[in-house]
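Breakdown of the fold
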Amino acid sequence: MAKTLLSIRDLKVYYPVKRGFLSLQKQYVKAVDGVSFDVYEGEAFGIVGESGCGKSTTGHTIVGLLQPYSGEIRFEGEVISDKKRTADQAVKSQIIFQEPYTSLDPRFTVGNLIAEPLKVNTKLTKAQITEKVKQLMKDVGLNETQITKYPHEFSGGQRQRIGVARALALEPKLIVCDEPVSALDVSIQAQILNLMQELQRKYNLTYVFISHNLSVVYHLCDRIAVMYLGNVVEISTKRELFDHPAHPYTQALLNAIPVPDPDRVMNPTVLSGDVPSPLNPPSGCCFHTRCPYATDECRASKPALREIGEGHLAACHYCEKLQKG
Ligand code: SF4
């Protein structure tokens, strides 16, 4: 049985908003509203969902860039969700950001960008750091002669390689990849995804891979969690999720993937209405305002994320009945 590296229980990340006369009324934007899942050592765990569903907020909370409102995050069994995350715990999980143009400081050379975490967190000498930086550049497919160049002298794909090298510098166990290829051209996306797979094998990495692109997640991930309005609505292995989706939201997402076959008649499920505001989420099931199968029970009670098959969890009162395949 695979070892659990990261364990998240009932994680809530709320942003306070002041409203009303003299801003006395305090409300919360519920970006993440009770998320639970485990990530096993050595796997690539995908999180998918529409913009604003809370997937990036979850990733940023895992690496400590955001503090949870409540809930617990454990890494190798130790709680890291409180404010006292030690330096040792902090370096074990790193992040690759979505935007390779703004996530690199334009005043730093590539060498300094990759060396910075090593200077801050290790006792390596200057020569050892330079050697390590050159090795990392080689590992991500950059030429070490480019060490003195600045980010603006690189293409988008090369910049994302710098971001990958920087995330690898401290030899983390877990990397949160926050939409790392969505800002790149399609041909470059494939190169970066292949590089990430190669590095996962070489460094025995575990990924939490965040994306809104189901095809990208299918290519890279072993298991996938689907998020909607701050909640996880389904978790399964990628094959089971694509072959037998159980939650109506997952079914709609899969139905919307274009098929490269001009003769095939597409019949995508069109969800009615907009995603509700996380400031005032609906009662009961978070998806009931758009679900074609919603009943009074859905409007009244929130379905728990429960096991409906081996390693397959879904949060829907009628998931067994609605499961496709
Ligand atoms: Fe739809 Fe009801 Fe299932 Fe929610 S619980 S997804 S509203 S059928």
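Before going into details, it helps to say that this report is about the structure given with it.

Attention shifts here to the overall build of the protein. From N to C terminus, the protein includes 11 helices and 12 strands. Taking 325 residues into account, the globule formula puts the C-alpha radius of gyration at 20 Å, and the protein, at 21 Å, falls close to it. Viewed in the frame of its principal axes, the protein has a C-alpha envelope of about 65 × 60 × 45 Å. Counted over contacts in the protein with a minimum sequence separation of 6, partners at least 24 positions apart contribute 63%. Positive and negative side-chain charges of the protein, numbering 37 and 35 respectively, have mean locations separated by a distance of 6 Å.

Moving on, we come to the layout of surface pockets. For the largest pocket, the calculated volume is near 400 Å³. Around the largest pocket, the lining comprises 19 residues; the ones closest to its centre are Gln94, Ile95, Phe97, Pro117 and Arg166. Of all the secondary structure elements, the ones that give two or more residues to the lining of the largest pocket are helix 2 (87-91), strand 6 (93-96), helix 3 (110-121) and helix 5 (156-168). Considered class by class, the residues forming the lining of the largest pocket number 11 nonpolar, 6 polar and 2 charged.

Within the secondary structure, glutamate 43 sits in the loop between strand 2 (25-40) and strand 3 (44-48). Residue class for glutamate 43 comes out buried when judged on its relative accessible area of 7%. In contact with glutamate 43, not counting residues within four places along its chain, are Asp38, Gln200, Leu205, Thr206, Tyr207, Asp222 and Arg223.

Let us now look at the site of the ligand. Taken together, 13 residues form the shell around the ligand, and within it Cys285, Cys291, Cys298, Cys316 and His317 come nearest. Grouping the amino acids of the shell around the ligand by side-chain chemistry returns 10 nonpolar, 3 polar and no charged.

A word on the environment of isoleucine 73. Note on placement: isoleucine 73 falls in strand 4 (residues 70-75). In the structure, isoleucine 73 is positioned 46 residues away from lysine 119 in sequence and 28 Å away in space, judged by C-alpha atoms. If near-sequence neighbours (up to four positions away) are discounted, isoleucine 73 is found in contact with Leu6, Ser7, Ile8, Leu11, Thr61, Ile62, Glu78, Val79, Ile80 and Ser81.

Cut-offs and rules
Residues numbered from 1 in each chain as written. Predicted model: local features only at pLDDT ≥ 70, side-chain atom pairs only at ≥ 80, totals over all residues. Heavy atoms only, no water. Helix = DSSP H or I, 4+ residues; strand = E, 2+ residues; numbered from the N terminus. Rg over C-alpha atoms; globule rule 2.2 N^0.38 Å. Contact = heavy atoms within 4.5 Å. Lys, Arg positive; Asp, Glu negative; His and termini not counted. Charge placed at Lys NZ, Arg CZ, Asp CG, Glu CD. 1 Å grid on protein atoms, 1.4 Å probe; cavity = no way out; pocket = protein on both sides within 12 Å on 5 of 7 lines; lining within 4 Å. Points joined across faces, edges and corners; volume = space filled by probe spheres on them. Nonpolar A, V, L, I, M, F, W, Y, C, P; charged D, E, K, R; others polar. Buried < 20%, exposed > 50% of the residue type's maximum accessible area, 1.4 Å probe, protein only. Near = heavy atom within 4 Å.

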